[in-house]
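Breakdown of the fold
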Amino acid sequence: MKTKRILLIALFISLAAILSIVERSIIIPQAHPGVKLGLANVITLLSIIMLGYKDAFLVVLLRCVLATLIGGNPVSFLFSITGGLFSTLVMVLLWRTFNQHISIVNISIIGAICHNLGQLFVASWLAHELLLYSLLPILMISAVITGYAVGVVTKRVYKSLQARQVKVYS
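Residues numbered from 1 in each chain as written. Predicted model: local features only at pLDDT ≥ 70, side-chain atom pairs only at ≥ 80, totals over all residues. Heavy atoms only, no water.

Observations concerning the overall build of the protein chain
- A count of helices and strands for the protein chain gives six helices and zero strands.
- The order of α-helices and β-strands along the protein chain, N terminus first, is α-α-α-α-α-α.
- Compactness check: the protein chain gives a C-alpha radius of gyration of 16 Å against a globular reference of 15 Å for 170 residues, within 12% of the reference.
- Summarising its shape, the C-alpha atoms of the protein chain cover approximately 50 × 35 × 30 Å along the three principal directions.
- Considering only contacts in the protein chain between residues 6 or more positions apart, those separated by 24 or more positions represent 73%.
- In the structure as shown, the protein chain presents an accessible area of about 9600 Å², 69% of it carried by carbon and sulfur atoms. (Helix = DSSP H or I, 4+ residues; strand = E, 2+ residues; numbered from the N terminus. Rg over C-alpha atoms; globule rule 2.2 N^0.38 Å. Contact = heavy atoms within 4.5 Å. Areas by Shrake-Rupley, 256 points an atom, 1.4 Å probe, with all protein chains shown as cover.)

Some remarks on the pattern of salt bridges
- Applying the stated criterion across every chain yields a total of one salt bridge.
- Among the salt bridges present, the one from Arg5 reaches Asp55, with a minimum N-O distance of 2.3 Å. With a gap of 50 residues between them, Arg5 in helix α1 (residues 3–24) and Asp55 in helix α3 (residues 53–71) connect regions that are remote in the sequence.
- By relative accessible area, which is 16% here, Arg5 ends up buried.
- Note on Asp55: relative accessible area 8%, which makes it buried. (Salt bridge = Lys/Arg side-chain N within 4 Å of Asp/Glu carboxyl O. Buried < 20%, exposed > 50% of the residue type's maximum accessible area, 1.4 Å probe, protein only.)

Focus: the environment of Leu61
- With respect to the helices and strands, the residue Leu61 is situated in helix α3.
- A sequence separation of 80 residues divides Leu61 from Ile141, and the C-alpha atoms of the two residues are 26 Å apart.

Here's the deal with the UniProt feature "transmembrane region" (unreviewed entry) in the protein chain
- Annotation from UniProt places "transmembrane region" (unreviewed entry) at residues 34–51, 77–95, 107–126 and 132–154.
- The annotated region residues 77–95 carries 100% helix and 0% strand content, and the separation between its end C-alpha atoms amounts to 26 Å.
- End C-alpha to end C-alpha, residues 132–154 measures 31 Å, and it is 83% helix and 0% strand. (UniProt positions renumbered as here; feature names shortened; annotations may be inferred.)

Quick notes on the environment of Ile48
- Checked against the element boundaries, Ile48 lands in helix α2 (residues 40–50).
- Remark: the alpha-carbon pair of Ile48 and Ile102, spanning 54 residues in sequence, is separated by 15 Å.

As for helix α4 (residues 74–98)
- Spanning 25 residues, α4 covers 35 Å between terminal C-alpha atoms, matching the ideal 36 Å at 1.5 Å per step.
- Within α4 the residues assigned to the buried category are Ser80, Ile81, Gly83, Gly84, Ser87, Thr88, Val90, Met91, Val92 and Leu94.
- Where α4 is buried, its residues contact α2, α3 and α5 (104–127). (Expected span 1.5 Å × (residues − 1).)

Here's the deal with the environment of Ile13
- Here Ile13 shows up in helix α1.
- Of the residues examined, Ile13 reaches a relative accessible area of 10% and is grouped as buried.
- Each C-alpha atom of the pair Ile13 and Arg164 lies 21 Å from the other, and the pair is 151 residues apart in sequence.
- For Ile13, the contacting residues outside a window of four places in its chain are Val59, Leu62, Arg63 and Leu66.

Comments concerning the packing of α2 against α3
- Put simply, α2 and α3 touch, their axes get as near as 8 Å, and they point 155 degrees apart. Classified by the angle their axes make, α2 and α3 are roughly antiparallel. Residue-level inspection shows Ala40, Asn41, Ile43, Thr44, Ser47 and Ile48 of α2 in contact with α3, the latter providing Ala56, Val59, Val60 and Arg63.
- Tallied by class, the residues present in the contact of α2 with α3 amount to six nonpolar, three polar and one charged. (Axes fitted to C-alpha atoms, helices over the stretch in contact; angles between N-to-C directions. Parallel < 35°, antiparallel > 145°, perpendicular 65-115°, else oblique. Nonpolar A, V, L, I, M, F, W, Y, C, P; charged D, E, K, R; others polar.)

Concerning the nonpolar core
- Counting residues in hydrophobic clusters, the biggest one holds 29 residues, and the most contacted among them are Phe12, Leu46 and Met50.
- Put simply, the parts of the chain that give this core at least two residues each are α1, α2, α3, α4, α5 and α6 (136–163).
- Broken down by element, the residue count for this core peaks at eight residues, all from α2. (Core = buried A, V, L, I, M, F, W, Y, C linked by side-chain atoms within 4.5 Å.)

Let's talk about unusual backbone geometry
- For His128, which is not glycine, the phi torsion reads 50 degrees and is therefore positive.
- Positionally, His128 belongs in the loop between α5 and α6.
- Classification of His128 by relative accessible area gives exposed; the value is 71%.

Structure, rendered in structure tokens:
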């Protein structure tokens, strides 16, 4: 592995962990508890595009571990890792299969939906309560909104990195 690639992976892990930690302190007025912006998913998407699926999974895994060690707990880790890995899996499959036909913004929206589904599954499993699925409409609406925003930011950041000739390693 080249030094620049290792450096980019480390940078992405660090940025994603920082964004996860910072996001915990952001309160969205009028939002349902548990609704978050998903800022670290910008880094996940960039990892998929620029590094490939193996390193993207590594970035997500280590982001979840670091964010939990710095400011989380075992339950938050379970939510984070389940949503993160499930959404990354779906986004990787979409990117590898349909990247010529579907935009990064749409992949981001679908990833946000999958992230929320993964976390809702964990919540219902931990609470032994299927009634939690009644939150699905709220979570899906928030996923579309936040997924769109994350996708737009990712698209702009990626274009900016391309303009600066940052190498893609995927």
